[in-house]
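Residues per chain, in single letters:
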Amino acid sequence: MRVVNLASGSKGNVTFFEAGGVKLLIDTGLSLRELELRLSQIGENLQNINAILITHEHSDHIKSLVAIMKKYNVRAYVHERVVKEYLKLSEGELYDRISQISTYEFSVGDLRITPFSLPHDSLCCLGYTIEYKTKKVAFVTDLGFMPQNVLSLLFGSSLVFIESNHDHHM
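Not measured: the values here are computed from a predicted model.

1. Focus on a nonpolar patch on the surface
Part 1 of the reasoning: A grouping of Met-146, Leu-151, Val-160 and Ile-162 is seen on the molecular surface, where their side chains present a nonpolar patch of about 300 Å² in accessible area.
Part 2 of the reasoning: Among the secondary structure elements, Val-160 is positioned in strand β11 (residues 159-163).

Laid out in C-alpha coordinates, this is it:
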(Lines give C-alpha, C1' and ligand atoms only; values in the text may rest on other atoms or scores of the structure.)
Protein backbone atom coordinates (compact mmCIF):
# COMPACT_ATOMS: atom_id res chain seq x y z
CA MET A 1 0.00 0.00 0.00
CA ARG A 2 1.30 3.43 -0.93
CA VAL A 3 -0.18 6.83 -0.04
CA VAL A 4 1.44 10.07 -1.21
CA ASN A 5 -0.01 13.48 -0.51
CA LEU A 6 0.68 15.67 -3.54
CA ALA A 7 -0.99 18.86 -2.26
CA SER A 8 -2.95 19.99 0.77
CA GLY A 9 -4.50 23.33 1.64
CA SER A 10 -6.63 26.06 0.13
CA LYS A 11 -4.43 26.20 -3.02
CA GLY A 12 -5.12 22.56 -3.90
CA ASN A 13 -5.70 19.06 -2.56
CA VAL A 14 -4.64 15.79 -4.18
CA THR A 15 -3.60 12.47 -2.69
CA PHE A 16 -2.29 9.46 -4.62
CA PHE A 17 -3.27 6.02 -3.29
CA GLU A 18 -2.15 2.60 -4.52
CA ALA A 19 -2.94 -0.91 -3.30
CA GLY A 20 -3.70 -4.25 -4.91
CA GLY A 21 -2.76 -3.03 -8.36
CA VAL A 22 -5.30 -0.18 -8.18
CA LYS A 23 -4.21 3.46 -8.38
CA LEU A 24 -6.52 6.22 -7.17
CA LEU A 25 -6.49 9.95 -6.75
CA ILE A 26 -8.44 11.51 -3.93
CA ASP A 27 -9.40 14.96 -5.27
CA THR A 28 -7.96 16.89 -8.21
CA GLY A 29 -7.40 20.38 -6.81
CA LEU A 30 -4.36 21.28 -8.91
CA SER A 31 -4.17 22.33 -12.55
CA LEU A 32 -3.81 19.44 -14.97
CA ARG A 33 -0.24 20.45 -15.78
CA GLU A 34 0.79 20.72 -12.11
CA LEU A 35 -0.85 17.40 -11.28
CA GLU A 36 0.97 15.67 -14.14
CA LEU A 37 4.25 17.16 -12.89
CA ARG A 38 3.74 16.08 -9.28
CA LEU A 39 2.74 12.56 -10.29
CA SER A 40 5.85 12.30 -12.47
CA GLN A 41 7.96 13.22 -9.42
CA ILE A 42 6.75 10.03 -7.72
CA GLY A 43 7.12 7.91 -10.86
CA GLU A 44 3.42 7.90 -11.74
CA ASN A 45 1.19 9.36 -14.44
CA LEU A 46 -2.49 10.03 -14.99
CA GLN A 47 -2.64 7.43 -17.74
CA ASN A 48 -2.33 4.70 -15.09
CA ILE A 49 -4.90 6.08 -12.64
CA ASN A 50 -7.88 3.73 -12.33
CA ALA A 51 -10.26 6.03 -10.48
CA ILE A 52 -10.69 9.45 -8.91
CA LEU A 53 -12.57 9.98 -5.65
CA ILE A 54 -13.90 13.51 -5.16
CA THR A 55 -14.61 14.80 -1.65
CA HIS A 56 -16.61 17.91 -2.64
CA GLU A 57 -17.08 20.61 -5.25
CA HIS A 58 -14.77 23.39 -4.04
CA SER A 59 -12.13 24.27 -6.63
CA ASP A 60 -9.23 23.35 -4.35
CA HIS A 61 -10.57 19.77 -4.52
CA ILE A 62 -12.04 19.47 -8.03
CA LYS A 63 -10.13 21.98 -10.17
CA SER A 64 -8.84 19.67 -12.92
CA LEU A 65 -11.42 16.87 -12.84
CA VAL A 66 -13.08 17.69 -16.17
CA ALA A 67 -9.72 18.37 -17.90
CA ILE A 68 -8.38 15.02 -16.65
CA MET A 69 -11.47 13.18 -17.84
CA LYS A 70 -11.26 14.81 -21.27
CA LYS A 71 -7.61 13.80 -21.69
CA TYR A 72 -7.51 10.43 -19.89
CA ASN A 73 -9.81 7.43 -19.73
CA VAL A 74 -10.51 7.43 -15.99
CA ARG A 75 -13.64 6.90 -13.90
CA ALA A 76 -14.60 9.45 -11.25
CA TYR A 77 -16.68 8.78 -8.15
CA VAL A 78 -18.57 11.93 -7.19
CA HIS A 79 -21.47 12.51 -4.79
CA GLU A 80 -24.75 12.60 -6.71
CA ARG A 81 -25.59 16.15 -5.49
CA VAL A 82 -22.28 17.50 -6.77
CA VAL A 83 -22.84 15.88 -10.19
CA LYS A 84 -26.39 17.21 -10.50
CA GLU A 85 -25.93 20.69 -9.05
CA TYR A 86 -22.31 21.57 -9.82
CA LEU A 87 -20.76 19.59 -12.65
CA LYS A 88 -23.82 19.64 -14.94
CA LEU A 89 -21.94 17.71 -17.59
CA SER A 90 -23.66 17.59 -20.94
CA GLU A 91 -20.93 15.66 -22.69
CA GLY A 92 -22.08 12.04 -22.80
CA GLU A 93 -18.59 10.54 -22.83
CA LEU A 94 -17.65 12.23 -19.56
CA TYR A 95 -21.00 11.69 -17.92
CA ASP A 96 -20.74 7.97 -18.69
CA ARG A 97 -17.47 7.80 -16.72
CA ILE A 98 -18.83 9.42 -13.57
CA SER A 99 -20.26 7.13 -10.92
CA GLN A 100 -22.72 9.05 -8.81
CA ILE A 101 -22.23 7.94 -5.23
CA SER A 102 -23.76 8.61 -1.86
CA THR A 103 -22.68 7.10 1.45
CA TYR A 104 -22.85 3.48 0.32
CA GLU A 105 -19.82 1.21 0.15
CA PHE A 106 -18.46 0.33 -3.29
CA SER A 107 -15.42 -1.42 -4.78
CA VAL A 108 -12.71 -0.47 -7.22
CA GLY A 109 -10.80 -3.64 -8.02
CA ASP A 110 -9.96 -5.31 -4.69
CA LEU A 111 -10.38 -2.06 -2.74
CA ARG A 112 -13.42 -1.59 -0.53
CA ILE A 113 -14.30 2.10 -0.37
CA THR A 114 -16.71 3.57 2.15
CA PRO A 115 -17.73 7.22 1.69
CA PHE A 116 -19.18 9.11 4.66
CA SER A 117 -20.53 12.62 5.22
CA LEU A 118 -18.37 15.35 6.72
CA PRO A 119 -19.46 18.73 8.08
CA HIS A 120 -18.36 21.48 5.67
CA ASP A 121 -19.89 24.44 3.84
CA SER A 122 -20.39 22.60 0.56
CA LEU A 123 -23.18 20.73 -1.25
CA CYS A 124 -21.95 17.49 0.26
CA CYS A 125 -18.50 16.77 1.63
CA LEU A 126 -17.34 13.16 1.77
CA GLY A 127 -14.60 11.43 3.67
CA TYR A 128 -13.44 7.96 2.64
CA THR A 129 -12.10 4.81 4.19
CA ILE A 130 -10.29 2.50 1.81
CA GLU A 131 -9.69 -1.10 2.81
CA TYR A 132 -7.36 -3.58 1.18
CA LYS A 133 -6.89 -6.98 2.77
CA THR A 134 -6.24 -6.22 6.47
CA LYS A 135 -5.27 -2.54 6.04
CA LYS A 136 -7.56 0.44 6.29
CA VAL A 137 -6.73 4.04 5.40
CA ALA A 138 -9.00 7.01 6.10
CA PHE A 139 -9.22 10.41 4.40
CA VAL A 140 -11.07 13.40 5.85
CA THR A 141 -10.76 16.89 4.40
CA ASP A 142 -11.76 20.43 5.34
CA LEU A 143 -12.58 19.33 8.84
CA GLY A 144 -13.42 22.16 11.24
CA PHE A 145 -14.11 19.73 14.10
CA MET A 146 -14.19 15.96 14.62
CA PRO A 147 -17.76 14.63 14.97
CA GLN A 148 -18.10 11.47 17.07
CA ASN A 149 -19.60 9.46 14.19
CA VAL A 150 -16.60 10.32 11.97
CA LEU A 151 -14.18 9.40 14.74
CA SER A 152 -15.79 5.98 15.03
CA LEU A 153 -15.43 5.41 11.26
CA LEU A 154 -11.68 6.10 11.52
CA PHE A 155 -11.22 3.47 14.22
CA GLY A 156 -8.90 0.65 13.14
CA SER A 157 -7.19 2.65 10.39
CA SER A 158 -3.49 2.09 9.78
CA LEU A 159 -3.25 5.66 8.47
CA VAL A 160 -5.58 8.62 8.91
CA PHE A 161 -5.13 11.59 6.61
CA ILE A 162 -6.78 14.71 8.06
CA GLU A 163 -6.83 17.99 6.21
CA SER A 164 -8.15 20.68 8.55
CA ASN A 165 -9.03 23.86 6.78
CA HIS A 166 -10.64 26.99 8.05
CA ASP A 167 -14.27 27.04 9.13
CA HIS A 168 -16.00 30.43 8.75
CA HIS A 169 -18.22 29.76 11.76
CA MET A 170 -15.47 28.82 14.21
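2. Side note on the state of the cysteines
Part 1 of the reasoning: Taken as a whole and judged by the stated rule, the model has 0 disulfides.
Part 2 of the reasoning: Counting only cysteine sulfurs, Cys-125 is the nearest neighbor of Cys-124, a cysteine outside any disulfide, at a range of 7.4 Å.
Part 3 of the reasoning: The buried category is assigned to Cys-125, whose relative accessible area is 2%.

3. Comments concerning the environment of Glu-34
Part 1 of the reasoning: Looking at the secondary structure, you find Glu-34 in helix α1 (residues 32-41).
Part 2 of the reasoning: What makes Glu-34 partly exposed here is its relative accessible area of 27%.
Part 3 of the reasoning: In this structure the C-alpha to C-alpha distance between Glu-34 and Leu-6, which are 28 residues apart in sequence, comes to 9.9 Å.
Part 4 of the reasoning: A distance of 2.7 Å separates polar atoms of two side chains, one belonging to Glu-34 and the other to Arg-38.

4. Focus: the sheet that holds strand β8 (residues 111-118)
Part 1 of the reasoning: Pairing is mixed across the open sheet formed by 5 strands, whose spatial order is β7-β8-β9-β10-β11. The sheet is open, and its two borders are formed by β7 (106-108) and β11, each paired with just one other strand. Ignoring strand direction, the axes of neighbouring strands in this sheet form an average angle of 25 degrees.
Part 2 of the reasoning: As judged from the 5 bridges shared by strand β10 (residues 135-141) and β11, these two strands associate in the parallel manner. Note on β11: the bridge partner recorded for Val-140 is Ile-162.

5. Comments concerning the sheet that holds strand β6 (residues 98-101)
Part 1 of the reasoning: Ordered in space as β1-β2-β3-β4-β5-β6, the 6 strands form an open sheet in which the pairing is mixed. With one partner strand each, in any of the chains shown, β1 (2-7) and β6 form the two edges of the open sheet. Across the sheet, the mean angle separating the axes of adjacent strands is 20 degrees when strand polarity is ignored.
Part 2 of the reasoning: One ladder, built from 5 bridges, connects strand β2 (residues 14-19) with strand β3 (residues 22-26); its direction is antiparallel. What sits directly across from Glu-18, in β3, is Lys-23.
Part 3 of the reasoning: Sheet strands touched by α1: β1, β2 and β3. Its angle to β1, the strand with the most contacts, is close to 140 degrees.

Calculation notes
Residues numbered from 1 in each chain as written. Predicted model: local features only at pLDDT ≥ 70, side-chain atom pairs only at ≥ 80, totals over all residues. Heavy atoms only, no water. Patch = residues over 30% accessible without salt bridge, like charges linked within 9 Å, V, L, I, M, F, W, Y side chains within 5 Å. Areas by Shrake-Rupley, 256 points an atom, 1.4 Å probe, with all protein chains shown as cover. Salt bridge = Lys/Arg side-chain N within 4 Å of Asp/Glu carboxyl O. Helix = DSSP H or I, 4+ residues; strand = E, 2+ residues; numbered from the N terminus. Disulfide = S-S within 2.5 Å. Buried < 20%, exposed > 50% of the residue type's maximum accessible area, 1.4 Å probe, protein only. Polar contact = N/O pair within 3.5 Å; in protein donor to acceptor, adjacent residues only side chain to side chain. Pairing = 2+ DSSP bridges. Axes fitted to C-alpha atoms, helices over the stretch in contact; angles between N-to-C directions. Contact = heavy atoms within 4.5 Å.

Note that all results are geometric; they support no functional claim without further evidence.
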